[in-house]
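Residue strings, one per chain:
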Amino acid sequence: MERCRSGHHRIISYYLSSSLILFWCIFVLVLLSTTSTTNALVKIPKNTTVPAVIVFGDSIVDAGNNDDMITEARCDYAPYGIDFDGGVATGRFSNGKVPGDIVAEELGIKPNIPAYRNPNLKPEELLTGVTFASGGAGYVPLTTKIAGGIPLPQQLIYFEEYIEKLKQMVGEKRTKFIIKNSLFVVICGSNDIANDFFTLPPVRLHYTVASFTALMADNARSFAQTLYGYGARRILVFGAPPIGCVPSQRTVAGGPTRDCVARFNDAAKLFNTKLSANIDVLSRTLQDPTIIYIDIYSPLLDLILNPHQYGFKVANKGCCGTGLIEVTALCNNYTASVCPIRSDYVFWDSFHPTEKAYRIIVAKLLDRYLNRFF
């Protein structure tokens, strides 16, 4: 009798194991066959694959990684996300999609890039990309510490976790393929200039604008080189925007007429010059032109200086509240009203552009730079 039971258990275990193996085989095949769920707007050569978009940086590309943290650098509440899918505040610092989402959409990968730390993240989402970016992050460690965001080194630790999860799902060979062929996006630097160097007098006692921007550019190069070491071969490193022209900086430092703040913009341009040179040197050292510097300064400044050419009406104020100073906690449903036509505005709050502005900029940049990878 005992022998019969034992045999019965072995048979059940066999079928359960076989069923489980079959389930995971089908699961993985389905995932691999659905890595492109959106119609591509950017033309990619037939034999070229971009399996995922993987993002690092600050609030420009954060999609909710700060949502469970005690920090001012979070926006998981209305009216943020008012134009996102379902009008949900996901932690994106805009009225709708942010650049990582738009890049993935235009490449035909998926409609948006979720936050890696989202507790509701589905395993299959890992295959097509996530964002590790965190509001308040900077290239200089003090910058992130002030804001209470996730430092870039910690973002890399999460990335290492991500790689291990991929290996468990699809194996080491496929994981290497995903890392090698995915598009990596790094957007950082604004907080270093606006919230660190020009906000904290002790920092300016220790650094000149030249030495501070050199520190930023050196750390940015090291970050890109680290990604390369993980196997990434399509890396876009964005420069700083014209930070002196965003509404909040015009309000606090632009004088009575709220002009663009020249010294802030000069710092951004100096950083961009050094970053571009560092990336060029790195590419030559690696003998591999797969790390590209992206000029975000010029296209955003063009929108700000020539808003009507792009269908905007307001470029010096944000859509949320007065548009002069409201950002994160000050942009809320209780004390700040929202402009009725978001598409009239270049900026959503006093620091971050609207989805419409992001779409215009991303389309320009992909058209200009993406062909260098293919």
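Per chain, residue numbering runs from 1 following the sequence as it is written. Where local features are concerned, this predicted model is filtered to residues with pLDDT of at least 70; where side-chain atom pairs are given and counted, the filter is 80 or more; whole-chain, interface and lining totals use all residues. Each side-chain value is derived from all of the structure's non-hydrogen atoms; neither hydrogens nor water enter the calculation.

The chain has the name GDSL esterase/lipase EXL1 in an unreviewed UniProt entry, where Arabidopsis thaliana is given as its organism. UniProt positions are given in the numbering used here, feature names are shortened, and annotations may be inferred rather than shown by experiment. In its Sequence similarities (unreviewed entry) section, the UniProt record describing the chain reads: "Belongs to the 'GDSL' lipolytic enzyme family."

(A) Structural context of the overall build of the chain. Along its length, the chain carries eleven helices and six strands. Looking at the chain residue by residue over its 374 residues, the buried ones come to 53%. Sequence-distant contacts, at least 24 apart, represent 73% of the contacts inside the chain between residues at least 6 apart. Total accessible area on the chain is roughly 17,200 Å²; 58% of this is exposed by carbon and sulfur atoms. Only DSSP runs of H or I with at least four residues qualify as helices, and only runs of E with at least two residues qualify as strands; both kinds are numbered from the N terminus onward. Accessible area is worked out with a 1.4 Å probe on protein chains only. A residue is then buried under 20% of its type maximum, exposed over 50%, and partly exposed in between. A contact between two residues is defined here by any heavy atoms of the two lying within 4.5 Å. Calculation of accessible area relied on Shrake-Rupley with a 1.4 Å probe; when residues are assessed, cover is drawn exclusively from the protein chains displayed.

(B) Region of interest: helix α11 (residues 355-369). Residue count minus one, scaled by 1.5 Å, sets the expected span of a helix. Given a rise of 1.5 Å per residue, 15 residues ought to cover 21 Å, and the 21 Å separating the end C-alpha atoms of α11 matches this to within 8%. Turning to α11, its buried residues are E355, A357, Y358, I361, V362, L365, L366 and Y369. Viewed end-on, α11 has its buried residues packed into an arc of 150 degrees, placing them on one side of the element. Turned more than 90 degrees away from the buried face of α11 sit D367 and R368, all of them exposed. Each element contacted by the buried residues of α11 is listed here: α2 (99-106), β3 (235-238), β4 (291-294), α10 (297-305) and β6 (345-347). Think of it as the arc spanned by the lines of direction from the helix axis to the C-beta atoms.

(C) Spotlight on the state of the cysteines. Two cysteine sulfurs form what is called a disulfide whenever their separation falls within 2.5 Å. Taken as a whole and assessed by the stated rule, the structure comprises three disulfides. The disulfide bridge from C245 ends at C260, spanning 2.1 Å between sulfur atoms. Taking the sign of the S-S torsion, 120 degrees for the link of C245 and C260, the bridge is right-handed. In this pair, C245 is assigned in the loop between β3 and α8 (247-253) and C260 in the loop between α8 and α9 (262-286), connecting sequence segments 15 residues apart. What makes C260 partly exposed here is its relative accessible area of 29%. Residue C320 pairs covalently with C331 via a disulfide, S to S 2.1 Å. Judged by the torsion about the S-S bond (110 degrees), the C320/C331 disulfide is right-handed. One end of the pair, C320, is in the loop between β5 (314-318) and β6; the other, C331, is in the loop between β5 and β6, and eleven residues separate them in sequence. By the burial criterion, C320 is buried, and C331 matches it.

(D) Geometry of the packing of aromatic side chains. Two aromatic rings from Phe, Tyr or Trp, using only the six-membered ring of Trp, form a pair when their centres are within 6.5 Å; if the ring planes differ by under 30 degrees the pair is stacked, by over 60 it is edge-to-face, and anything between is tilted. With the rule as written, the count across this model stands at 19 aromatic pairs. Pairing Y116 with F132 gives two aromatic rings, centres 4.9 Å apart and planes at 40 degrees, and the pair type is tilted. Note that Y116 is positioned in the loop between α2 and α3 (141-147) and F132 in the loop between α2 and α3, a separation of 16 residues in sequence. Accessibility expressed as a relative area gives 7% for Y116, which makes it buried.

(E) Local environment of the packing of helix α4 (residues 152-181) against helix α7 (residues 209-229). To get an axis, fit a line to the C-alpha atoms, keeping to the stretch in contact for a helix; angles then go from 0 to 180 degrees between the N-to-C directions. Taken N-terminus to C-terminus, the directions of α4 and α7 make an angle of 10 degrees; their axes are 12 Å apart at the nearest point. Taken together, the axes of α4 and α7 are roughly parallel relative to one another. Contacts between α4 and α7 involve L152, L156 and F159 from the first element and F223, T226 and L227 from the second. In the scheme used here, Gly and all other residues not listed as nonpolar or charged are polar, with Ala, Val, Leu, Ile, Met, Phe, Trp, Tyr, Cys and Pro taken as nonpolar and Asp, Glu, Lys and Arg as charged. When its residues are assigned to classes, the contact of α4 with α7 shows five nonpolar, one polar and no charged. Orientation labels follow simple angle bins: below 35 degrees gives roughly parallel, above 145 gives roughly antiparallel, 65 to 115 gives roughly perpendicular, and whatever is left gives oblique.

(F) Representation of the sheet that holds β3 in the model. Strands were regarded as paired on the criterion that DSSP finds at least two bridges between them. An order of β1-β2-β3-β4 is seen for the four strands of this open sheet, with the pairing classed as parallel. Both edges of this open sheet fall to β1 (53-57) and β4, since each of them pairs with a single strand only. The mean inter-strand angle of the sheet, taken between neighbouring strand axes irrespective of direction, is 20 degrees. As judged from the four bridges shared by strand β2 (residues 183-187) and β3, these two strands associate in the parallel manner. Each bridged residue has a counterpart across the sheet, and for V185 the counterpart in β3 is L236. Packed onto the sheet, α4 meets β1 and β2 and runs at close to 170 degrees relative to β1. Of the strands in this sheet, β3 and β4 are in contact with α9, which crosses β4 at around 165 degrees.

(G) Region of the structure containing α7. For α7, with 21 residues, the first-to-last C-alpha span of 30 Å sits near the 30 Å given by 1.5 Å per residue. Taken together, the buried positions of α7 are F212, T213, M216, A217, A220, F223, A224, L227 and Y228. For α7, the buried positions fall inside an angular range of 160 degrees around the axis, keeping them on one side.

(H) A look at empty space enclosed by the protein. Grid points spaced at 1 Å and placed over the protein atoms alone form the basis of the search, with a cavity being a set where a 1.4 Å probe fits but cannot get out and a pocket an open set showing protein on both sides within 12 Å along at least five of seven lines. Lining residues have an atom within 4 Å of a point. Grid points are joined across faces, edges and corners, and a volume is the space filled by probe spheres set on the points. Under the criterion given, the structure shown has two cavities of 30 Å³ or more. Its volume calculated, the largest cavity comes out at about 220 Å³. Forming the boundary of the largest cavity are 18 residues, of which I60, P241, I296, L300 and Y358 lie nearest the centre. With four residues, the top contributor of residues to the lining of the largest cavity is α11. Its residues assigned to classes, the lining of the largest cavity shows 16 nonpolar, two polar and no charged. By volume, the second largest cavity is sized at about 60 Å³. What lines the second largest cavity is V103, L236, F238, I294, V362, L365, L366 and Y369. Sorting the residues of the lining of the second largest cavity by element identifies β3 and α11 as the ones contributing at least two each. Examining the composition of the lining of the second largest cavity, we find that four residues originate from one element, α11, more than from any other.

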